[in-house]
Amino acid sequence: MNVFYMILVLFPIGFGAAKTLYGVYGAKQYDPVKHADQMENFFVLYTGVEFLGSFMGSLISIVLAETLKTDGVGGDKGEVIASFLNASAITLGLIIFLIGSRRYVNGKAIRELYMKMCRSLFGAALCCGGPSGGCSKPGFEKTKQSKGGHVPDSIVTGMVQVLLLVPIYLLVLPLNIAFTQVIVVNITMAGNLKGYGAFEAPLLVATGLLMIALWAFVIKKFLTPWLTKKNIKLTVAKRFSLGALSLGCGYAIAAIIESQIKRVYEETGEESVSIFYGLFGTFFSGGMAFAFSAMNEVAFTMSPPELKMLGTAVMLFFSQGVPNIIGAVLFKACEPWFKTADGNDIKNIHHYVKGQSTNFTYLMMGFCFFNVVLLLIPKVGRWIENKVDECIANNLSSAGPVGGGDYANSGIKSEEVSGSAVEPE
């Protein structure tokens, strides 16, 4: 049990640290105004490469575990060997990175910057510390040096930009909750479909990763050029909503397949529904590439140059960390749906038919379509776009330590970006 808790701590630390690095360093080659289209394409390609790599890793692990199990070594040993293979690959990557470390630019430590941000955050939460030293309403404005505070204006504004990411990612929280539970629905469903050869339940679940990569490459190679030719620009809100719509359709197909499994079993007493039908659901769910690329792009463009890794960390926390926690709580609350009337866990198709797990599929589908409606509200879409434009304008115009460091020599003026600077209250 202690080892299990260590995994729960170590895996998120390593995964989160890596995710905040490579996307940011790759995107820093682009200017947010001059190269806006290239930056959008980069994050689409980044999403495709990320999920293609995840699929390849899953595929190797599944094949290795199944092969060893078939050869009589034992399924458990196969899984252990596959886990050690993943650990070896990560270790090899670390060694390669350390050997080539002199080729990378080391950023400056910004501990003092974070301390000033914490001071501004703490001061903003209090009802004292105003310019006159007396009582004042909570807010970041009073912590600025120009307003009698002790924190440089650019640092306060930069911190507010990072905090603005929170409400944006809360807007897509239902979508992200639904995505964290895709594996629950797919594993439950695929285990009761009729497999063929090596194409069994684990491989069907892994194809969800491949489909996201496939959609990302299609978006970059075909859809984006076509939209550009038609002079159509997909806003951030519309890309979020397309991801939610795609995932919702994937859940709808899963619900249809689940109902057919139960119908066929009740009529024939067999599990005669082909596992290949599950590919339709995973294909549509791959449209999440729209949302994932937009989430990464928003975190990068809204964060000040020196705080882009912090912005990415905020994105990961509210798009993966919080949704996983809420998803786990929801699954626990809905656990009776995954049991028979006698209270038995679903272990075979007979239990599956008697259970109510399809209700959980409908619940997740509802989350997706709710998010589609929410994001298509014009005021919501305009608010997101305005905040993104305002943050880009701040990054270009500010000369402070969290200001336009990356763009100081770009020759771009803040007036070229629509929207005004963020003025925190």
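Counting restarts for each chain, with residues numbered from 1 along the sequence as it is written. Local features in this predicted model are restricted to residues whose pLDDT is 70 or higher, and side-chain atom pairs enter the listing and the counts only when it is 80 or higher, whereas totals over whole chains, interfaces and linings include all residues. As a convention, hydrogens and water are excluded, and side-chain values are obtained from all of the structure's heavy atoms.

Peer 1: I would appreciate a short explanation of the overall build of the chain in the present structure.
Peer 2: Counting its regular elements, the chain contains 15 helices and 0 strands. Relative accessible area decides the class of each residue, using a 1.4 Å probe on protein chains only: under 20% of the type maximum gives buried, over 50% gives exposed, and in between gives partly exposed. Here the chain, with 425 residues, has 45% of them falling under the buried criterion. Contacts were defined at the residue level, with two residues in contact if any of their heavy atoms lie within 4.5 Å. Long-range pairs, those at least 24 residues apart, make up 75% of the contacts in the chain between residues at least 6 apart in sequence. Surface exposure of the chain reaches about 22400 Å², of which carbon and sulfur atoms provide 66%. A helix here means a DSSP run of H or I that spans at least four residues, while a strand means a run of E at least two residues long, and both kinds are numbered starting from the N terminus. In this description, accessible areas are obtained by the Shrake-Rupley approach with a 1.4 Å probe, and a residue is regarded as covered only by the protein chains that are shown.

Peer 1: I tried to follow the packing of helix α6 (residues 173-180) against helix α14 (residues 358-375) on my own but got confused; where do I start?
Peer 2: Two quantities define a packed helix pair, namely the angle between the helix axes and the distance between the axes. Contact pair α6 / α14: the axes reach a minimum separation of 8 Å and the direction vectors enclose 150 degrees. In terms of axis orientation, α6 runs roughly antiparallel to α14. As for how α6 packs across α14, the hand of that crossing is left-handed. Contact with α6, carried on its side by Leu173, Pro174, Leu175, Ile177 and Ala178, involves Met364, Phe367, Cys368, Phe370 and Asn371 of α14 and no other residues of that element. To obtain each axis, a line is fitted to C-alpha atoms, and for helices this fit is confined to the stretch in contact; angles are then taken between N-to-C directions over 0 to 180 degrees. Reported orientations rely on four angle classes, namely roughly parallel under 35 degrees, roughly antiparallel over 145, roughly perpendicular from 65 to 115, and oblique for the rest. With the far helix as reference, a near helix turned anticlockwise by less than a right angle produces a left-handed crossing, and one turned clockwise produces a right-handed crossing.

Peer 1: Looking at this structure, how should I read the nonpolar core?
Peer 2: Generally speaking, nonpolar side chains in soluble globular proteins are found buried as a group. Here the nonpolar core consists of buried residues drawn from Ala, Val, Leu, Ile, Met, Phe, Trp, Tyr and Cys, with membership extended through side-chain atoms lying within 4.5 Å. Ranked by internal contacts, the top residues of the largest apolar core, which has 86 residues, are Tyr169, Phe240, Tyr251, Met295 and Ile384. Among residues more than four places away in sequence, those in contact with methionine 295 are Tyr169, Val172, Leu175, Asn176, Phe240, Met315 and Ser319. With 7 residues, the next largest nonpolar core counts Val24, Ala27, Met39 and Phe300 among its residues.

Peer 1: Mind showing me how you'd approach the side chain of asparagine 192 here?
Peer 2: Among the secondary structure elements, asparagine 192 is positioned in the loop between α7 (182-190) and α8 (201-229). The exposure class assigned to asparagine 192 is buried, which follows from its relative accessible area of 5%. Identification of polar contacts relies on pairs of N or O atoms within 3.5 Å, with a donor-acceptor requirement for protein atoms, meaning one able to donate a hydrogen and the other able to accept it, and with residues adjacent in sequence counted only if both atoms are side-chain atoms. For asparagine 192, the side chain forms a polar contact with the main-chain oxygen of threonine 188, separated by 2.8 Å.

Peer 1: Looking at this structure, I do not really get the packing of helix α9 (residues 236-268) against α14. What am I missing?
Peer 2: Closest axis-to-axis distance for the α9/α14 pair is 8 Å, and the angle between their directions is 160 degrees. In terms of orientation, α9 lies roughly antiparallel with respect to α14. The handedness of the crossing between α9 and α14 comes out as left-handed. Looking at side-chain class alone, the contact of α9 with α14 contains 17 nonpolar, 5 polar and 2 charged residues. Gly falls in the polar group here, along with every residue not listed as nonpolar (Ala, Val, Leu, Ile, Met, Phe, Trp, Tyr, Cys, Pro) or charged (Asp, Glu, Lys, Arg).

Peer 1: Would you mind showing me how to read empty space enclosed by the protein here?
Peer 2: To locate leftover empty space, one rolls a probe as large as a water molecule over the atoms. Put plainly, a pocket is an open set of points on a 1 Å grid over the protein atoms alone with protein on both sides within 12 Å along at least five of seven lines, a cavity is a set where a 1.4 Å probe fits but cannot get out, and a lining residue has an atom within 4 Å of a point. Grid points are joined across faces, edges and corners, and a volume is the space filled by probe spheres set on the points. In this structure the tally under the stated criterion is 4 cavities of 30 Å³ or more. Considering only enclosed or pocket space, the largest cavity measures out at about 90 Å³ in volume. Around the largest cavity, the lining residues are Val182, Val185, Asn186, Met189, Leu247, Gly250, Tyr251, Ala254, Gly278, Gly281, Thr282 and Ser285. Elements supplying a minimum of two residues to the lining of the largest cavity: α7, α9 and α10 (278-285). Residue composition of the lining of the largest cavity, grouped by class: 6 nonpolar, 6 polar and no charged. What the second largest cavity holds in volume is close to 50 Å³. Together, Lys19, Gly23, Val24, Phe43, Tyr46, Asn296, Phe300 and Thr312 line the second largest cavity. Broken down by secondary-structure element, the contributors of at least two residues to the lining of the second largest cavity are α1 (2-27), α2 (36-70) and α11 (288-302). The greatest single-element share of the lining of the second largest cavity, amounting to 3 residues, is contributed by α1. In terms of residue class, the lining of the second largest cavity is built from 4 nonpolar, 3 polar and 1 charged.

Peer 1: Is there a simple way to think about the pattern of salt bridges in this case?
Peer 2: Pairs can form between side chains of opposite charge whenever their charged atoms are close. In what follows, salt bridge is the name for a side-chain nitrogen of Lys or Arg lying within 4 Å of a carboxyl oxygen of Asp or Glu. Within the structure shown, the criterion is met by 7 salt bridges. Measuring nitrogen to oxygen at the nearest pair gives 2.7 Å for the salt bridge that ties lysine 233 to glutamate 40. Of the two residues, lysine 233 sits in the loop between α8 and α9 while glutamate 40 sits in helix α2, which places them 193 residues apart along the sequence. Glutamate 297 serves as the salt-bridge partner of arginine 239, at 2.8 Å between the closest nitrogen and oxygen.

Peer 1: Where do I start with the side chain of threonine 358 in this structure?
Peer 2: Note on placement: threonine 358 falls in helix α14. Here threonine 358 falls in the buried class, since its relative accessible area comes to 9%. In contact with threonine 358, not counting residues within four places along its chain, are Ala255, Glu258 and Lys262.

Peer 1: Honestly, the environment of glycine 327 in this entry has me stumped. Any pointers?
Peer 2: Relative to the elements of secondary structure, glycine 327 occurs in helix α12 (residues 308-333). A relative accessible area of 0% means that glycine 327 is categorised as buried. For the pair formed by glycine 327 and phenylalanine 179, sequence separation is 148 residues and the distance between their alpha carbons is 9.1 Å.

Peer 1: For this particular structure, what's the right way to read the environment of isoleucine 219?
Peer 2: Relative to the helices and strands, isoleucine 219 resides in helix α8. Along the chain, isoleucine 219 and leucine 45 lie 174 residues apart, while their C-alpha atoms are 8.9 Å from each other. Sequence-distant contacts of isoleucine 219, that is, excluding residues within four places in its chain, are made with Val44, Thr224, Pro225, Ala289 and Phe290.

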